[in-house]
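This is what each chain is made of:
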Amino acid sequence: EVQFVESGGGLVQAGGSLRLSCAASGFTFHDYAIGWFRQVPGKEREGVSCISSSDGGLYYADSVKGRFTISNDNAKNTVTLQMNSLKPDDTAVYYCAIDPAGGLAFITGRIGIVYWGQGTQVTVSS
């Protein structure tokens with residue numbers, strides 16, 4: 001089973017920054033994407049950002065583009081999301097996730113088989 005170790009969530013004021021980290025193990029997927037979804041109570045889980053293991057391609061949701069930056073190590077099994085200029089609308093539980101299909105779940109929201117971490121709370125106060 002895929003295992004995730006997530007860290008970096010917390011409480012921050014609007015305009016501040018947080019850095020989420022995720023270390024994934026226990027998988028042998030190829031051409032996968034790793035990144036984060038987020039979910040607010042009562043709303044649908046949405047893809048935030050991911051990076052492709054095949055070509056290093058990056059994806060950012062329009063709502064976070066220009067504020068969040070995703071990066072990975074050479075093994076592409078650890079990933080960091082630097083979140084700057086945070087807004088109250090960024091408040092959510094953030095889930096590190098792997099999409100074995102290469103990132104379509106992050107991009108389209110059509111979640112097939114996706115592997116999730118336990119989630120970490122990000123709260124942005126106004």
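Structure shown above.
Predicted model, so just to flag it, every value in this text is computed and none were measured. Counting from 1, residues in each chain are numbered in the order their sequence is written. In keeping with the model being predicted, local features are shown solely for residues with a pLDDT of at least 70 and side-chain atom pairs are shown and tallied solely at 80 or more, while totals for entire chains, interfaces and linings include all residues. Each side-chain value is derived from all of the structure's non-hydrogen atoms; neither hydrogens nor water enter the calculation.

Peer 1: Even after reading the chapter, I still don't get the packing of aromatic side chains, so can you show me in this structure?
Peer 2: How two aromatic rings sit relative to each other is set out by the distance from centre to centre and by the angle between their planes. Pairing of aromatic side chains requires ring centres within 6.5 Å, counting the rings of Phe and Tyr and the six-membered ring of Trp. Pairs whose planes differ by under 30 degrees are stacked, by over 60 edge-to-face, and all others tilted. A full pass over the atoms with the stated rule returns 5 aromatic pairs. With a centroid separation of 5.1 Å and an interplanar angle of 85°, the aromatic rings of phenylalanine 27 and tyrosine 32 are classed as edge-to-face. For the pair formed by phenylalanine 27 and tyrosine 32, the shared burial category is buried. Connected via pairs of aromatic rings, a cluster forms that spans Phe27, Phe29, Tyr32 and Tyr115. Geometrically, a lysine NZ or arginine CZ counts as sitting over a ring once it is within 6 Å of the ring centre and also within 35 degrees of the ring normal. Here the basic side chain of arginine 45 rests over the ring of tyrosine 95, its NZ or CZ set 3.8 Å away from the ring centre. Geometry around tryptophan 116 places arginine 45 over its ring, the cationic atom sitting 4.4 Å from the centre. Summary of the burial criterion: residues with accessible area below 20% of their type's maximum are buried, those above 50% are exposed, and those between are partly exposed, where the area comes from a 1.4 Å probe applied to protein chains only.

Peer 1: Is there a simple way to explain the state of the cysteines in this structure?
Peer 2: A covalent bond between the sulfur atoms of two cysteines is referred to as a disulfide. What counts as a disulfide here is a pair of cysteine sulfur atoms lying within 2.5 Å. Counted by the stated rule, this structure contains 1 disulfide. Linked covalently through their sulfurs, cysteine 22 and cysteine 96 form a disulfide whose S-S length is 2.0 Å. On the sign convention where negative is left-handed, the bridge of cysteine 22 and cysteine 96, at about -85° about the S-S bond, is left-handed. Residue cysteine 22 is found in strand E3 (residues 18-25), and its partner cysteine 96 is found in strand E9 (residues 92-99); the two are separated by 74 residues along the sequence. Side by side, cysteine 22 and cysteine 96 carry an identical accessibility label, which is buried. Of all cysteine sulfurs, the one in cysteine 96 lies closest to cysteine 50, which takes part in no disulfide; the gap is 11 Å. Elements are defined by DSSP. Helices are runs of H or I of four residues or more, strands are runs of E of two residues or more, and each kind is numbered from the N terminus.

Peer 1: Teacher, can you tell me more about the pairing of E9 here?
Peer 2: Successive residues of a regular strand alternate their side chains across the two faces of the sheet. The buried fraction of E9 is high, at 7 of 8 residues. Taken together, the 7 bridges between strand E4 (residues 33-39) and E9 define a ladder with antiparallel strand orientation. Counted as the bridge partner of phenylalanine 37 is tyrosine 95 from E9. Should DSSP find at least two bridges between two strands, the strands are regarded as paired. Pairing of E9 with strand E11 (residues 120-125) involves 3 bridges; the strand directions are antiparallel. What sits directly across from valine 93, in E11, is glutamine 121. With 2 bridges joining them, E9 and strand E10 (residues 115-116) adopt antiparallel strand pairing. Within E10, the residue paired with alanine 97 across the bridge is tryptophan 116.

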